[in-house]
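# Residue-level structure breakdown
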Amino acid sequence: MKRINVIGTSGSGKSTVARNLADVLGYPYVEMDALYWKPNWGEPTVEEFNRDIEKAVSGSTWVLDGNYSRTQPIKWAKVDTIVWVDYSWGRTVFQALKRAITRIIGKKELWPGTGNVESFRMTFLSRQSVILWTLQNYRRNKKRYAKMMSAKEYAHINFVRLTNPAETKKFIASLTAT
């Protein structure tokens, strides 16, 4: 495991898992959202984002946190392991809600220098709501990721599917034992 992409529906815990993996393995941690979001919730061009992803995965080791399926040809060209955080629907929705409320109350800038903070309006009353996205995409992502795990085109990739926190803890502990 040298080049790892941690995937999962928003709220699943993929950022926490990715950061823990990066810490345990001593690899650089790359958050795709930090590469994507510009100040005031601005979005990069496709070319800018692709360039930033290519740069982020140019090293010999890394843990990449994020989905952005349109970037698969770039990030999965070099990836050797995909860790899918596939917790239950209830747990994922609960975690997404808890994270959103914590961020709204804390008004913490999500990515340094962007000024981007979550608001109640954006999180709960917007069509771009991350909570709405989680609710709408959980099952679709589950089917898509399961299909990818068995696809011949990805046979060279080691897939690790983590279905609950205890399993995740055991997996990460197994890495510290080696």
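Structural data are supplied above this passage.
To start, this report covers the structure provided alongside it.

Parameters at a glance
- Residues numbered from 1 in each chain as written.
- Predicted model: local features only at pLDDT ≥ 70, side-chain atom pairs only at ≥ 80, totals over all residues.
- Heavy atoms only, no water.
- Helix = DSSP H or I, 4+ residues; strand = E, 2+ residues; numbered from the N terminus.
- Contact = heavy atoms within 4.5 Å.
- Polar contact = N/O pair within 3.5 Å; in protein donor to acceptor, adjacent residues only side chain to side chain.
- Pairing = 2+ DSSP bridges.
- Axes fitted to C-alpha atoms, helices over the stretch in contact; angles between N-to-C directions.
- Salt bridge = Lys/Arg side-chain N within 4 Å of Asp/Glu carboxyl O.
- Buried < 20%, exposed > 50% of the residue type's maximum accessible area, 1.4 Å probe, protein only.
- Core = buried A, V, L, I, M, F, W, Y, C linked by side-chain atoms within 4.5 Å.

## Brief notes about the environment of Asn 67
Position of Asn 67 relative to the elements: it lies in the loop between β3 (62-65) and α4 (72-75). Residues Asn 67 and Asp 33, 34 residues apart in the sequence, show an inter-C-alpha distance of 9.3 Å. Apart from the residues lying within four places of it in its own chain, the contact partners of Asn 67 are Ile 7, Gly 8, Lys 14, Met 32, Lys 75 and Tyr 145. A distance of 2.7 Å separates the side chain of Asn 67 from the backbone oxygen of Gly 8, its partner in a polar contact.

## Quick look at the sheet that holds β3
Taking strand neighbours across the sheet as the criterion, the five strands line up as β2-β3-β1-β4-β5 in an open arrangement whose pairing is parallel. What marks the edges here is a single partner per strand, and that holds for β2 (29-31) and β5 (158-162). Put simply, the sheet's adjacent strands are angled 20° from each other on average, direction ignored. Strand direction decides the pairing type here: strand β1 (residues 3-7) and strand β4 (residues 81-85), joined by four bridges, are parallel. Bridged to Ile 7 within β4 is Trp 84. Its contacts with the sheet put helix α8 (residues 165-176) on β4 and β5, and the angle it makes with β5 is roughly 135°.

## A few points about the pattern of salt bridges
Under the defined criterion, the tally for this structure stands at six salt bridges. For Asp 86, the salt bridge identified is with Lys 142, shortest N-O distance 2.8 Å. One end of the pair, Asp 86, is in the loop between β4 and α5 (89-106); the other, Lys 142, is in helix α7 (residues 130-149), and 56 residues separate them in sequence. A salt bridge links Arg 103 to Glu 118, with the shortest nitrogen-to-oxygen separation between them at 2.7 Å. Separated by 15 residues along the polypeptide, Arg 103 in helix α5 and Glu 118 in the loop between α5 and α6 (120-124) bring together distant segments of the chain. Using a relative accessible area of 26% as the deciding quantity, one classes Arg 103 as partly exposed. By sharing partners, the salt bridges in this structure join Asp 86, Lys 142 and Arg 161 into a single network.

## Observations concerning the nonpolar core
In this structure, Trp 76, Ile 82, Tyr 154 and Ile 157 are the most contacted members of the largest nonpolar core, which totals 21 residues. Mapped by element, the contributors of at least two residues to this core are α2 (32-36), α3 (46-56), β3, β4 and α7. When residues no more than four places from it in sequence are discounted, the contact partners of Ile 82 are Asn 5, Ile 7, Trp 76, Ile 157, Asn 158, Phe 159 and Val 160. Grouped together as the second largest cluster of nonpolar side chains are 16 residues, Ala 18, Val 160, Leu 162 and Phe 171 included.

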